[in-house]
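One-letter residues, chain by chain:
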Amino acid sequence: MSIFDWLQHSAGERPAVEQSGSAAVRDIARYLSDMDSDQARWIAAFAMVLARAARADLDISSEELSAMQKIVHEVGGLPEEQASMVAEMAAHRNELLGVTEDYLATREFKKVAAVGDAKRLLHCLFAVTAADDSISLVEEEEVRQVANELGIDHSEFTSIRAAFREKRAVLKGIRGA
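A quick note: this is a predicted structure, and the numbers were derived from the prediction, not measured.

Thresholds applied
- Residues numbered from 1 in each chain as written.
- Predicted model: local features only at pLDDT ≥ 70, side-chain atom pairs only at ≥ 80, totals over all residues.
- Heavy atoms only, no water.
- Helix = DSSP H or I, 4+ residues; strand = E, 2+ residues; numbered from the N terminus.
- Buried < 20%, exposed > 50% of the residue type's maximum accessible area, 1.4 Å probe, protein only.
- Contact = heavy atoms within 4.5 Å.
- Areas by Shrake-Rupley, 256 points an atom, 1.4 Å probe, with all protein chains shown as cover.
- Salt bridge = Lys/Arg side-chain N within 4 Å of Asp/Glu carboxyl O.
- Core = buried A, V, L, I, M, F, W, Y, C linked by side-chain atoms within 4.5 Å.

A. Local environment of the overall build of the protein. Helices and strands together make up the secondary structure of the protein, namely 10 helices and zero strands. Starting at the N terminus, the α and β elements of the protein follow one another as α-α-α-α-α-α-α-α-α-α. Taken across its 177 residues, the protein has 42% of its residues classed as buried. When contacts within the protein are restricted to residue pairs at least 6 apart in sequence, long-range pairs at least 24 apart make up 69% of them. Summed over its atoms, the accessible surface of the protein is roughly 9400 Å², and 53% of this surface lies on carbon and sulfur atoms.

B. The pattern of salt bridges, seen in detail. With the rule as written, the count across this model stands at 11 salt bridges. The salt bridge involving K119 is made with E156; its shortest N-O contact spans 3.7 Å. Taken together, the residues K119 in helix α7 (residues 117-129) and E156 in helix α9 (residues 154-162) connect sequence positions 37 residues apart. Its relative accessible area of 41% is what places K119 among the partly exposed residues. Overall, E156 belongs to the partly exposed group, its relative accessible area being 26%. A salt bridge links R144 to E141; the nearest nitrogen and oxygen atoms lie 3.3 Å apart. Separated by three residues within a single helix, R144 and E141 lie in helix α8 (residues 137-150), roughly one turn from each other. The structure contains a network of salt bridges with shared partners spanning D27, R30 and R93.

C. Seen up close, the nonpolar core. Residues L50, L122 and L125 are the most contacted members of the largest nonpolar core, which totals 48 residues. For this core, the elements supplying multiple residues, two or more each, are α3 (23-31), α4 (37-54), α5 (62-76), α6 (80-112), α7, α8 and α9. With 13 residues, the top contributor of residues to this core is α4. The residues touching L125, leaving out its near neighbours within four places in the chain, are V49, L50, A53, V143 and V146.

In structure tokens, the structure reads:
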């Protein structure tokens, strides 16, 4: 069998879109099996993207984890205990699975997001990164990358970022000088 035959044969055996996305999103959605599967996927992807931003500086602080839990509770509509578990699962999977999973989860969120969800997520990403009273440059750049992946234009990004101006480390340095 030639490589071309093998590739053509393999193309027909690829897993369905549902199975080719983020493993972490699937794991968290399975935990949320008592709710509608689309809603569970949305919450799982949402939580994973929150964890991505929180861990941009290679650490999820206790303040950031608390912010994630609160946001998953409020935005996801989950009971506090379940929201805490989802946030912890997302943080843990982000640490274990890393960068590739971050992109897959963001792509998954984009697939399941309704109009306006991406902008709402962007606000939440800034809120999580600001939870420890400072948005580092690396966190800000990670949020910018997520915005790009979600198709949010630069003017929309800067408009949302402006609400967190006082927390931006890059501006704190200028004000202190």
